[in-house]
Amino acid sequence: MLTDAPVHAVIPATDLERATAFYRDTLGLKLALDSEQEVRFESGGTVFSVYRTPNGGKAGHTLASWQVADLAAEMAELRSRGVAFEDYDLPGLKTVNGVAEAEGMRCSWFKDSEGNALCLVEERTR
């Protein structure tokens, strides 16, 4: 059943050309497929899709996360490419300079060109 089936993120975009430029040029990801309705990117041995829809950017939650070894370094590189990290002050979630710390992990969120929330996660070993 599904336990043996690969799964990948599917991210909505109102402007597919703008989203393609963001993921390819700003995030530096490799374009694996380019069609009129969908683009696919390779990242860390996995593939995810970005597809054309009028519903892009409407989700109020994280759509995809990257597990990174060094959160500070990744954030610095992305900031140098124009990515702005979100700050939150919510019950159970507070960021400082874009970083939230929880038991065993550090996280940071940013939005893509369409307003979709994306996340970087650094897991800490004990």
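Reading the values: rules and limits
Residues numbered from 1 in each chain as written. Predicted model: local features only at pLDDT ≥ 70, side-chain atom pairs only at ≥ 80, totals over all residues. Heavy atoms only, no water. Helix = DSSP H or I, 4+ residues; strand = E, 2+ residues; numbered from the N terminus. Rg over C-alpha atoms; globule rule 2.2 N^0.38 Å. Buried < 20%, exposed > 50% of the residue type's maximum accessible area, 1.4 Å probe, protein only. Contact = heavy atoms within 4.5 Å. Areas by Shrake-Rupley, 256 points an atom, 1.4 Å probe, with all protein chains shown as cover. Lys, Arg positive; Asp, Glu negative; His and termini not counted. Charge placed at Lys NZ, Arg CZ, Asp CG, Glu CD. Pairing = 2+ DSSP bridges. Axes fitted to C-alpha atoms, helices over the stretch in contact; angles between N-to-C directions. Phe/Tyr/Trp six-rings, centres within 6.5 Å; stacked < 30°, edge-to-face > 60°.

A few points about the overall build of the protein chain
Step number 1: What the protein chain contains, in helices and strands, is two helices and ten strands.
Step number 2: When the helices and strands of the protein chain are read in sequence order from the N terminus, they spell out β-α-β-β-β-β-α-β-β-β-β-β.
Step number 3: Taking 126 residues into account, the globule formula puts the C-alpha radius of gyration at 14 Å, and the protein chain, at 15 Å, falls close to it.
Step number 4: For the C-alpha atoms alone, the extent of the protein chain along its principal axes is close to 45 × 35 × 25 Å.
Step number 5: Here the protein chain holds 126 residues, and 36% of them are scored as buried.
Step number 6: Intrachain contacts of the protein chain at a sequence separation of at least 6 include 54% that bridge at least 24 residues.
Step number 7: Roughly 7,700 Å² of accessible area belongs to the protein chain as shown, and the carbon and sulfur atoms make up 51% of that amount.
Step number 8: Separation between the mean location of the 13 positive side-chain charges and that of the 20 negative ones in the protein chain comes to 2 Å.

A few points about the sheet that holds strand β2 (residues 30-34)
Step number 1: Strands sit in the order β1-β4-β3-β2 across an open sheet of four strands; the sheet is mixed. The open sheet has two edge strands with one neighbour each: β1 (10-13) and β2. Pairs of neighbouring strands in the sheet enclose a mean axial angle of 25 degrees, with direction left out of account.
Step number 2: Two strands pair when backbone bridges link them, and β1 and strand β4 (residues 46-52) are joined in this way by four bridges, in the parallel orientation.

With respect to the packing of aromatic side chains
Step number 1: Applying the stated criterion across every chain yields a total of eight aromatic pairs.
Step number 2: Ring plane angle 35 degrees and centroid distance 5.7 Å describe the contact between Y23 and F41, whose orientation is recorded as tilted. Of the two residues, Y23 sits in helix α1 (residues 16-26) while F41 sits in strand β3 (residues 38-43), which places them 18 residues apart along the sequence. The two residues Y23 and F41 agree in class, both being buried.
Step number 3: When the ring of F85 is compared with that of F110, the centres are 5.7 Å apart and the planes differ by 70 degrees; the resulting orientation is edge-to-face. Taken as a pair, F85 in the loop between α2 (71-80) and β6 (89-90) and F110 in strand β9 (residues 105-111) lie far apart in primary sequence, 25 residues in all. You'll find F85 and F110 in the same group, each marked buried.

What to know about the sheet that holds strand β8 (residues 100-102)
Step number 1: Pairing is mixed across the open sheet formed by four strands, whose spatial order is β5-β10-β9-β8. At either end of the open sheet lies a strand with only one pairing partner, and these are β5 (62-67) and β8. With strand direction ignored, the average angle separating the axes of adjacent strands in the sheet is 30 degrees.
Step number 2: Pairing geometry for β5 and strand β10 (residues 117-123), over five bridges, is parallel.

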